[in-house]
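Inside the fold
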Amino acid sequence: MQVEVDRLRSDVEANAEFGSLDVDGRGRTVLAGTDANRRARERLVDRLEDAGLDVRVDAVGNVAGRWTPPSADPGAAPVAAGSHLDSVPEGGIFDGPLGVYAALEAVRAMQDAGVDLDRPVEVVSFTEEEGQRFADGLLGSSVAAGERSVEDALSLTAERVDENGDGTGDEETLESALSSIGFRGEGRLDASEWDAWLELHVEQSQRLERAGVPVGVVTTITGITHCAVDVVGEADHAGATPMLERTDALVAASEFVRSVERAARDADSETAVGTVGSLDVSPNATNVVPGRVEMGVDVRDVDYDAMNDVVDDARTTLARIEDERGVETRLDRRFDLRPTPMSDRVREAAHDAGEAADVATLDLHSGAAHDTMHVAKVADAGLLFAPSRDGVSHNPAEWTDWDDCATATRVLAGALADLAGA
């Protein structure tokens with residue numbers, strides 16, 4: 001099978017024009033349910049239909065195109081692949097769209113080669129993966145996997161935006177947003193009906209680049225825990241309050257920030273990471289001793305026990321800080337997602353496809369969340385990575401060389417053909 005790099009590049013670059021930004025690099029802002037999202041979706045549907053796929057849109061806007069070759073049993077469980085078309089604000093052009101259009105290019109490569117398959121193949125674009133308007137991310141795949149109801153998803157609200165992407169001040173539901181762009185479909189895309197699933201994504205790290213390997217085969221998608229931490233001291237005058245009489249919440253919080261870094265570095269796992277990514281300091285005035293600090297903590301690893309160890313260390317540190325500094329603290333573990341292992345069958349198909357195409361592959365984990373996390377709970381699922389230059393992502397500087405895109409797509413196509421019974 002031959003992947004046409006120019007055809008794949010043309011698709012990704014055409015998609016990059018929707019919500020494009022006048023910045024250094026290639027940036028775009030495509031939020032779910034906006035005009036830019038509508039245009040991206042419409043072009044995808046056109047391209048799917050041009051390739052002879054039967055397209056449907058479900059109630060939450062998930063788009064799926066099915067190719068049933070003459071050799072396949074139309075009633076057989078399909079093999080599916082894809083990703084998403086939405087972006088973060090001022091994001092790059094590869095995150096999401098590469099996976100969607102690589103899946104389409106894989107189908108076209110199989111068509112051009114006249115590959116006989118036992119199963120249909122579906123190309124999928126999930127709604128609101130990035131979570132920038134509705135929910136916290138992975139919305140469409142959570143509905144497809146049956147973890148969120150259609151009704152719950154459609155009732156989610158966000159600020160309404162105009163055709164320029166500017167906020168209007170009032171709210172709209174996901175149902176209203178999808179209806180306004182013509183992508184409020186019917187029914188529910190059911191991922192449990194798939195025989196297997198594969199997603200191609202840019203790596204968002206430098207492991208492939210450093211190893212000189214063009215394709216990564218993910219072993220496990222990281223678990224994620226989010227904790228809300230409060231440190232309460234006493235606000236006082238910065239000039240009139242002696243140093244030994246202060247209960248400075250920010251100084252106490254700074255000790256906690258350092259402790260999270262230390263706990264993650266010392267964890268019994270090389271892949272554990274811990275981040276204090278947000279702080280809200282009150283009253284946040286230069287001449288006032290800080291009286292309260294609210295922090296957001298992100299802990300991730302493919303080892304759930306290591307994640308728990310970091311959180312336990314955070315609790316212990318807060319108890320010590322209370323005793324030593326006289327502050328009050330609270331930790332609320334608000335979000336907890338366990339690591340998600342990938343299917344051995346799908347991973348083997350990916351490695352075999354790489355070997356058949358004379359393309360080196362490398363086992364690695366994913367430190368970021370992907371739609372595949374939800375699909376893996378109801379179907380055999382896998383995730384492939386293409387190299388990211390300098391590891392940059394969610395940024396207009398995000399870049400993956402076109403030849404690397406095509407090489408990863410060749411492995412994707414080979415794995416899909418294998419899984420579909422070629």
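Throughout what follows, the structure given in this document is the object of discussion.

Burial analysis of strand β3 (residues 79–84) places six of its six residues in the buried class, which makes it a mostly covered element. When β3 meets strand β4 (residues 121–126), the two strands line up parallel, connected through six bridges. When the sheet's bridge partners are listed, Ala81 is paired in β4 with Val123. The pairing of β3 with strand β7 (residues 196–202) spans three bridges and is classified as parallel. Each residue of the ladder has a partner; that of Ala80, found in β7, is Trp197.

Moving on: a negative patch on the surface. A cluster of acidic side chains, namely Glu209, Asp390, Asp401 and Asp403, defines a negative patch on the protein surface. By the element assignment, Asp401 lies in the loop between β17 (380–386) and α12 (402–419). Judged by relative accessible area, Asp401 falls into the partly exposed class, the value being 40%.

A few words now on empty space enclosed by the protein. Counting across every chain of the model gives one cavity of 30 Å³ or more. If you add up the space inside the largest cavity, you get close to 50 Å³. The wall of the largest cavity is formed by Ala32, Asn37, Arg41, Leu85, Asp86, Ser125, Phe126, Thr127 and Glu128. Among the residues forming the lining of the largest cavity, the class breakdown is three nonpolar, three polar and three charged.

Among the nonpolar cores identified, the biggest contains 72 residues, and Met110 and Leu412 are the most heavily contacted of them. Take this core: its biggest share by element is ten residues, from α12. Residues within four places of Leu412 in sequence aside, it is in contact with Ala81, Ala102, Ala103, Ala106, Leu198, Leu200 and Leu384. Among the nonpolar cores identified, the runner-up in size contains 26 residues, and Ala253, Ala267, Val276 and Ile321 belong to it.

Moving on: the pattern of salt bridges. For the structure shown, the criterion picks out 42 salt bridges. Overlapping salt bridges bring together Glu4, Arg7, Asp11, Arg43, Arg47, Asp50, Glu105, Arg108 and Asp112 as one network.

Time to look at helix α10 (residues 344–356). The end-to-end C-alpha distance of α10, which contains 13 residues, comes to 18 Å, matching closely the 18 Å that a straight helix rising 1.5 Å per residue would cover. What α10 keeps buried is the set Val346, Arg347, Ala349, Ala350, Ala353 and Gly354. Summarising the axial view, the buried residues of α10 lie within an arc of 160 degrees, below the 170-degree limit, and thus occupy one face. Facing away from the buried side of α10 by over 90 degrees, the exposed positions are Asp344, Glu355 and Ala356. Where the residues of α10 are buried, they touch β7, β8 (215–221), β16 (361–366), β17 and α12.

Turning our eyes to something else, we now look at the pairing of β17. In regular strands, side chains alternate between the two faces of the sheet. Where burial is concerned, most of β17 is hidden: six out of the seven residues are buried. Bridging between β7 and β17 involves seven bridges; their strand directions are parallel. If you follow Val202 over to β17, its bridge partner there is Ala386. Summarising the sheet, β8 and β17 pair through two bridges and their orientation is antiparallel. By the bridge assignment, Val217 is partnered in β17 with Leu384.

Attention shifts here to the packing of aromatic side chains. Applying the stated criterion across every chain, the model contains six aromatic pairs. A centroid spacing of 5.1 Å and a plane angle of 90 degrees characterise the contact between Phe94 and Trp399, whose relative ring orientation is edge-to-face. Here Trp399 lies in the loop between β17 and α12 and Phe94 lies in the loop between β3 and α3 (97–113), a separation of 305 residues in the sequence. Take Phe94 and Trp399: they sit in the same class, and that class is buried. Seen from their ring centres, Phe94 and Trp402 are 5.1 Å apart, and the 50 degrees between their planes marks the pair as tilted. In this pair, Phe94 sits in the loop between β3 and α3 while Trp402 sits in helix α12, placing the two residues 308 residues apart along the sequence. Residue Phe94 is classed as buried on the basis of its relative accessible area of 0%. Given the relative accessible area of 9%, Trp402 is considered buried. Chaining the aromatic ring pairs together yields one cluster made of Phe94, Trp399 and Trp402.

Calculation notes
- Counting from 1, residues in each chain are numbered in the order their sequence is written.
- Per-residue local features are limited, in this predicted model, to residues with pLDDT of at least 70; the limit for side-chain atom pairs, both in listing and counting, is 80 or more; totals at the level of whole chains, interfaces and linings are taken over all residues.
- Derived side-chain values reflect all non-hydrogen atoms in the structure, with water molecules and hydrogen atoms excluded from consideration.
- Here the term buried applies to any residue with accessible area under 20% of the maximum for its type, exposed to any over 50%, and partly exposed to those in between, with areas from a 1.4 Å probe on protein chains only.
- Helix and strand assignments follow DSSP, with helices taken as H or I runs no shorter than four residues and strands as E runs no shorter than two, numbered in order from the N terminus.
- Paired strands, in this sense, are two strands between which DSSP finds at least two bridges.
- Only residues whose relative accessible area exceeds 30% and that form no salt bridge are eligible for patches; like-charged ones are grouped when within 9 Å, while nonpolar side chains (Val, Leu, Ile, Met, Phe, Trp, Tyr) are grouped when within 5 Å.
- Note on areas: Shrake-Rupley, 1.4 Å probe, and residue coverage restricted to the protein chains presented here.
- By salt bridge we mean one thing: a side-chain nitrogen of Lys or Arg within 4 Å of a carboxyl oxygen of Asp or Glu.
- When charges are counted, neither His nor the chain ends are considered; positive counts come from Lys and Arg and negative counts from Asp and Glu.
- Taken as the charge centre is NZ of Lys, CZ of Arg, CG of Asp or CD of Glu, depending on the residue.
- As defined here, a cavity is a set of points on a 1 Å grid over the protein atoms alone where a 1.4 Å probe fits but cannot get out. A pocket is an open set with protein on both sides within 12 Å along at least five of seven lines, and residues line them when an atom is within 4 Å of a point.
- Grid points are joined across faces, edges and corners, and a volume is the space filled by probe spheres set on the points.
- Under the scheme applied here, ten amino acids are nonpolar (Ala, Val, Leu, Ile, Met, Phe, Trp, Tyr, Cys and Pro), four are charged (Asp, Glu, Lys and Arg), and all others, including Gly, are polar.
- For our purposes a nonpolar core is just a set of buried Ala, Val, Leu, Ile, Met, Phe, Trp, Tyr and Cys residues, chained together by side-chain atoms within 4.5 Å.
- In what follows, residue pairs with any heavy atoms lying within 4.5 Å of each other are defined as contacts.
- Expected span, for any helix, means 1.5 Å times one less than how many residues it has.
- Throughout, the arc means the angular range of directions from the helix axis out to the C-beta atoms.
- Aromatic pairs are defined between Phe, Tyr and Trp rings, using the six-membered ring for Trp, whenever the two ring centres lie within 6.5 Å; interplanar angles under 30 degrees are classed as stacked, those over 60 as edge-to-face, and all others as tilted.

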